[in-house]
Amino acid sequence: MSVLVIDNIGLLVTGEPSLGEGPLGLVRDAAVVIDGERVASIERAGAAGDERLDAAGRCVIPGFVDSHTHLVFAGDRADEFAARMAGRPYAASGIRVTTAATRAATEEDLRGLASARRAEAVRAGITHLEIKSGYGLEPEAERRSCAVASELTDDVTFLGAHAVPPEYDGRADEYVALVCGEMLDACRAYARWIDVFCEKGAFDADQSRAVLVAGRDAGLGLRVHGNQLGFGPGVRLAVELGAASVDHCTYLSADDLAALAAGETVATFLPATDFSTRQPYPDARRAIDAGVEVAIATNCNPGSSYTTSMAFCIALAVRDLRMTPEEALLAATRGGARALQRDDVGRLAPGARADAVILDCPSYTHLVYRPGVPLVGTTVIAGRVEFSDPLGARATSPGNAGGSARSRR
Ligand code: NIG
């Protein structure tokens with residue numbers, strides 16, 4: 001197997017405190033030695049290997065781990081977004097618009113759309129992602145979504161309980177029975193997780209519990225959409241049932257924070273959603289200070305957050321959720337991995353999957369300092385270059401003159 005070296009790294013974020021300085025495990029003038037799909041070792045710059053990727057003195061970070069996306073959908077809701085910017089509130093009923101378009105699409109259409117979005121995410125430095133179903137809302141359409149998602153990731157989430165479809169209006173409990181029965185049976189083979197939108201206007205605490213318990217009995221791990229549009233039972237239900245993550249957490253009461261701090265459930269913030277829906281931002285500082293384990297994710301979906309930019313989420317997390325740049329970067333890497341209960345991604349340490357991003361800048365702080373600028377130069381996934389910016393290094397970044405040249409030794 002050939003050995004690839006990412007060499008001449010000015011600042012390496014390993015994400016592993018035992019390997020370097022501070023919580024990010026920083027190493028200067030470093031090289032990452034990759035054997036096949038895995039990191040073999042972290043060395044001084046100039047390490048030997050068969051192939052060399054020259055970071056030209058720039059910053060290298062672990063690839064972003066996006067633990068919350070809805071990439072499988074058809075249709076467009078730009079008009080709904082524009083109406084919101086003009087003052088209309090966000091309504092979860094928009095899910096039905098996407099459901100109609102997704103049901104009308106073929107599996108081949110959905111495969112093309114989801115793959116293109118995954119490629120966009122890779123260009124934005126995302127090296128591992130979770131993908132939810134949830135825009136089919138009938139057994140075959142949900143099965144198709146899960147099947148397409150499973151071609152792109154091993155973290156597929158069955159989200160039949162995303163909304164009650166129109167044909168079940170006034171019969172939400174019957175729809176929950178369908179989700180827990182025939183729909184779960186059709187989807188479970190493709191999925192690792194089950195999720196429910198526990199919110200006023202979606203599913204209440206009893207219905208959410210029924211969905212989660214059915215999923216757990218089918219061998220799936222648990223995730224919850226909770227506390228997005230107001231205070232509610234989602235967070236505490238997630239902690240009580242031992243969910244891996246509860247996502248949104250825009251409204252957290254003191255009791256929610258205490259439950260999260262005492263439990264094992266990661267609180268995943270989705271700041272691009274609060275941006276796109278004009279919601280207040282959650283106070284991540286308060287959660288971190290209370291001892292809550294946190295992650296941030298893009299929540300890429302056509303309604304409430306149509307972005308694959310983790311850098312944008314990091315910038316919001318620092319600017320508006322009051323995280324430090326270090327906390328935000330950890331939340332987008334190690335935090336995402338923890339929210340998916342994995343330790344093979346989200347860090348650059350011996351044995352981990354070799355998922356790395358060469359940034360076109362000298363420090364990860366530029367992700368926040370230069371908002372909106374595409375700073376991802378090269379994305380490496382499992383030891384393979386999956387994206388390389390054809391424009392190369394940017395003129396304004398010191399020490400960047402050479403770009404990220406690849407050469408054979
Ligand atoms: O996570 N909250 C529920 N689901 C998505 C939004 C879905 C939509 O509006 O299409 C979310 O924000």
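Draft legend 1. Structural view of the overall build of the protein. Assigned secondary structure in the protein consists of 14 helices and 18 strands. Since a compact globule built from 409 residues should have a radius of gyration of about 22 Å, the 21 Å found for the protein is in line with a globular shape. Structurally, the protein occupies a C-alpha span of about 65 × 45 × 45 Å along its principal axes. With 409 residues in all, the protein has 60% of them scored as buried. In the protein, the proportion of contacts linking residues at least 24 apart, taken out of those at least 6 apart, comes to 71%.

Draft legend 2. Structural context of the packing of aromatic side chains. In this structure the tally under the stated criterion is 6 aromatic pairs. Aromatic pair Phe 73 and Tyr 306: ring centres 5.6 Å apart, planes at 70°, arrangement edge-to-face. With Phe 73 in the loop between β6 (64–66) and α1 (78–85) and Tyr 306 in the loop between β14 (294–296) and α11 (310–319), this pair connects stretches of sequence that are 233 residues apart. The class for Phe 73 is buried, based on a relative accessible area of 0%. Across from the ring centre of Phe 73, 3.5 Å away, lies the NZ or CZ of Arg 117, which sits over that ring. The ring centre of Trp 193 lies 4.5 Å from the NZ or CZ of Arg 223, which sits over that ring.

Draft legend 3. A look at the nonpolar core. Formed by 95 residues in total, the largest nonpolar core has its most connected members in Phe 269 and Tyr 364. With 7 residues, helix α5 (residues 172–187) is the largest single contributor of residues to this core. Beyond its immediate sequence surroundings of up to four residues, Tyr 364 is in contact with Leu 11, Val 13, Leu 24, Leu 26, Cys 59, Ile 61, Pro 325, Glu 326, Leu 329 and Leu 359. Among the nonpolar cores identified, the runner-up in size contains 17 residues, and Ile 6, Ile 9, Val 39 and Leu 53 belong to it.

Draft legend 4. Region of interest: the pattern of salt bridges. Evaluation of the coordinates by the stated rule reveals 34 salt bridges. Notably, a salt bridge pairs Arg 52 with Asp 54, separated by 4.0 Å at the nearest N-O pair. For Arg 143, the salt bridge goes to Glu 140, with nearest N and O atoms at 2.9 Å. Of the two residues, Arg 143 and Glu 140 both sit in helix α4 (residues 139–150), 3 residues apart, roughly one turn of that helix. Taking relative accessible area as the criterion, Glu 140 reaches 46% and is therefore assigned partly exposed.

Draft legend 5. Region of the structure containing the sheet that holds β14. Taken in spatial order, the 7 strands make up an open sheet running β8-β9-β10-β11-β12-β13-β14, and their pairing is parallel. Only two strands of the sheet have a single partner each, and these edge strands are β8 (131–132) and β14. Note: strand β11 (residues 221–226) against strand β12 (residues 245–248), 4 bridges, orientation parallel. Each residue of the ladder has a partner; that of His 225, found in β12, is Asp 247. The sheet contacts of α4 involve β8 and β9 (156–161), and relative to β9 the element is tilted by about 165°.

Draft legend 6. Looking closely at the pairing of strand β13 (residues 266–269). Residues Val 266 and Thr 268 point to one face of β13 and Ala 267 and Phe 269 to the other, with burial holding for every one of them. Note that β12 and β13 share 3 bridges and pair parallel. Paired with Asp 247 across the bridge in β13 is Thr 268. Each parallel crossover has a hand, and for β12 linked through helix α8 (residues 254–262) to β13 it is right-handed.

Draft legend 7. Molecular detail of the side chain of Thr 307. Turning to its location among the elements, Thr 307 is positioned in the loop between β14 and α11. Here the side chain of Thr 307 touches Ser 309 through a polar contact of 3.0 Å, landing on its backbone nitrogen. Beyond its immediate chain neighbours, meaning those up to four positions away, Thr 307 contacts Ala 272, Thr 298, Cys 300 and Phe 312.

Draft legend 8. Looking closely at the domain arrangement of the protein. On domain assignment, one finds that the protein holds domain 1 (3–63 + 347–396) and domain 2 (65–339). Contacts between domain 1 and domain 2 engage 21 residues on the former and 19 residues on the latter. Looking at the side of domain 1 facing domain 2, the largest losses of area belong to Gly 63, Leu 367 and Val 368, adding up to 28% of the total buried there. Counting every contact that joins domain 1 to domain 2 gives 2 salt bridges. Note that Arg 334 is salt-bridged to Glu 16, the shortest N-O span being 3.5 Å. For the pair domain 1 and domain 2, the number of links is 7 residue pairs in polar contact (both at pLDDT 80 or more). Breaking the side of domain 1 that touches domain 2 down by element, the ones donating at least two residues are β5 (59–62), α14 (366–369), β16 (376–381) and β17 (384–388).

Definitions and limits used
Residues numbered from 1 in each chain as written. Predicted model: local features only at pLDDT ≥ 70, side-chain atom pairs only at ≥ 80, totals over all residues. Heavy atoms only, no water. Helix = DSSP H or I, 4+ residues; strand = E, 2+ residues; numbered from the N terminus. Rg over C-alpha atoms; globule rule 2.2 N^0.38 Å. Buried < 20%, exposed > 50% of the residue type's maximum accessible area, 1.4 Å probe, protein only. Contact = heavy atoms within 4.5 Å. Phe/Tyr/Trp six-rings, centres within 6.5 Å; stacked < 30°, edge-to-face > 60°. Lys NZ or Arg CZ within 6 Å of the ring centre and 35° of its normal. Core = buried A, V, L, I, M, F, W, Y, C linked by side-chain atoms within 4.5 Å. Salt bridge = Lys/Arg side-chain N within 4 Å of Asp/Glu carboxyl O. Pairing = 2+ DSSP bridges. Axes fitted to C-alpha atoms, helices over the stretch in contact; angles between N-to-C directions. Right-handed = clockwise from strand over helix to strand, strands pointing away. Polar contact = N/O pair within 3.5 Å; in protein donor to acceptor, adjacent residues only side chain to side chain. Domains from an automatic or database assignment. Buried area = accessible area lost by both parts, 1.4 Å probe.

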